[in-house]
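So you can see what is in the structure, the chains are spelled out below.
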Amino acid sequence: SSEVDGVVRRVLADLGDRVTAGQQLVELDREKLQYNLDQQRAAHARSLTKYGATDAEHLPRIEDTPDARRASAELAQAKQMLERATELHKRQLIPQQTLDDAETTLRLKTAAYDAALQEAKNLQADIDASEAAMKLAERHVEDASIRAPFDGYVQQRMVSLGELVKAQMPVMNVVRVDPLKLLSEIPERMAPWVQVGQALSITTDAFPDKALEGTIVRTSPAVNQQTRAF
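Criteria and cut-off values
Residues numbered from 1 in each chain as written. Predicted model: local features only at pLDDT ≥ 70, side-chain atom pairs only at ≥ 80, totals over all residues. Heavy atoms only, no water. Axes fitted to C-alpha atoms, helices over the stretch in contact; angles between N-to-C directions. Helix = DSSP H or I, 4+ residues; strand = E, 2+ residues; numbered from the N terminus. Parallel < 35°, antiparallel > 145°, perpendicular 65-115°, else oblique. Left-handed = near helix turned anticlockwise from the far one by under 90°. Nonpolar A, V, L, I, M, F, W, Y, C, P; charged D, E, K, R; others polar. Expected span 1.5 Å × (residues − 1). Buried < 20%, exposed > 50% of the residue type's maximum accessible area, 1.4 Å probe, protein only. Contact = heavy atoms within 4.5 Å. Pairing = 2+ DSSP bridges. Core = buried A, V, L, I, M, F, W, Y, C linked by side-chain atoms within 4.5 Å. Arc of directions from axis to C-beta. Phe/Tyr/Trp six-rings, centres within 6.5 Å; stacked < 30°, edge-to-face > 60°. Lys NZ or Arg CZ within 6 Å of the ring centre and 35° of its normal.

Draft legend 1. Expanded view of the packing of helix α2 (residues 66-90) against helix α3 (residues 96-143). It is the contact of α2 with α3, at a shortest axis distance of 8 Å, that shows an interaxial angle of 160°. With respect to each other, α2 and α3 are oriented roughly antiparallel. The way α2 lies across α3 gives a crossing that is left-handed. Broken down by class, the residue content of the contact of α2 with α3 amounts to 14 nonpolar, six polar and five charged.

If you want it as structure tokens, here you go:
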């Protein structure tokens, strides 16, 4: 079945065709899906730029982001100004107001530095979210190619060229023919002869010269006093 919405652009297998696991069966139009992927990639790149990184695998520490470094430099400058103002005030070279202003500036720069660190953490979360959205968009583009889940034969094709399909909508029935499972009934008097693990050989009227070799894997009593072998 389809995992995304889309219009059928190509049908690459039909009734009776033998298909292998991973073989493409139906291709949906991926134009809108590609637009969404491009948008998510741009959003992810924007988040990395804001953080000051080139890729998500090499993110700098939150203390090394551009805003945090600038806030750290301003905080260090405010500390120096307070130390200088404190020394000058001890010598009575500046008024108390100047010292108070230096202390206020230090508190403001400290708050600005803490805010820069928090913003860096928020940007990290944005990068993680945008990366997840980008990977999901990439998966949707991949899902526009509906592939066979296993080896088998196409038993039924349910969509046609140009048809709009929705997510979870079946597009083909693929039947696995190896191994084959046979359900058969035998008379009750022959039940002691049938054992789990016993080998058996099966022929059909259509192909009398070809025998299928198998093994009994399960037995159970039936309502009509016969035995079912699987």
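Draft legend 2. Highlighting α2. In a regular helix each residue adds 1.5 Å, so 25 residues correspond to 36 Å; α2 covers 37 Å between its end C-alpha atoms and thus fits that length. Here α2 has its buried residues at Ala68, Ala71, Leu75, Ala78, Leu82 and Ala85. Looking at the buried residues of α2, the elements they touch are α3. The positive-phi residue at the C-terminal boundary of α2 is Gln92, with phi of around 60°.

Draft legend 3. Quick peek at the sheet that holds strand β4 (residues 145-147). Taken in spatial order, the four strands make up an open sheet running β4-β3-β1-β6, and their pairing is antiparallel. Each edge of the open sheet carries a strand with a single partner, namely β4 and β6 (164-165). In the sheet, strand β1 (residues 6-11) pairs with β6 via two bridges, with the strands oriented antiparallel. Within the sheet, the bridge partner assigned to Gly6 lies in β6 and is Val165.

Draft legend 4. Looking closely at the sheet that holds strand β7 (residues 172-175). Strand order in the open sheet formed by three strands is β2-β5-β7, and the pairing between neighbours is antiparallel. Pairing within the sheet leaves two strands with one partner each, and these edge strands are β2 (18-19) and β7.

Draft legend 5. The nonpolar core, seen in detail. Counting residues in hydrophobic clusters, the biggest one holds 21 residues, and the most contacted among them are Val19, Leu25, Val26, Leu28, Val171 and Met172. At the level of elements, β3 (24-28), α1 (31-51), α3 and β7 are the ones that each hand at least two residues to this core. Excluding its chain neighbours within four sequence positions, the residues that come into contact with Val171 are Ser1, Ser2, Val26, Ile146, Gln156, Arg157, Met158, Val159 and Val165. Among the nonpolar cores identified, the runner-up in size contains 20 residues, and Leu48, Leu106, Ala120 and Leu123 belong to it.

Draft legend 6. Spotlight on α1. In this model, α1 (21 residues) spans 31 Å end to end at C-alpha, consistent with the 30 Å of a helix rising 1.5 Å per residue. Considered for burial, the residues of α1 that qualify are Leu33, Leu37, Gln40, Ala43, His44, Ser47, Leu48 and Tyr51. Summarising the axial view, the buried residues of α1 lie within an arc of 140°, below the 170-degree limit, and thus occupy one face. Exposed residues pointing more than 90 degrees away from the buried face of α1 are listed as Lys32, Tyr35, Gln39, Thr49 and Lys50. Taken together, the buried residues of α1 touch α2 and α3. Looking one or two residues beyond α1, the residue adopting positive phi is Gly52, at roughly 90°.

Draft legend 7. Geometry of unusual backbone geometry. The residue Gln92 is not glycine, and still its phi comes out positive at about 60°. Along the chain, the position of Gln92 falls in the loop between α2 and α3. Located in the positive-phi region is Gln168, a residue other than glycine, with phi close to 75°. Looking at the element boundaries, Gln168 is found in the loop between β6 and β7.

Draft legend 8. Just the packing of aromatic side chains, in detail. In this structure the tally under the stated criterion is zero aromatic pairs. Of note, Arg176 hangs over the ring of Phe150, and the distance from its end group to the ring centre comes to 4.2 Å.

Draft legend 9. How the structure looks around the packing of α1 against α3. α3 packs onto α1 with a crossing angle of 160° between their chain directions and a minimal axis gap of 8 Å. By the angle between their axes, α1 is roughly antiparallel relative to α3. As for how α1 packs across α3, the hand of that crossing is left-handed. In terms of residue class, the contact of α1 with α3 is built from twelve nonpolar, eight polar and five charged.

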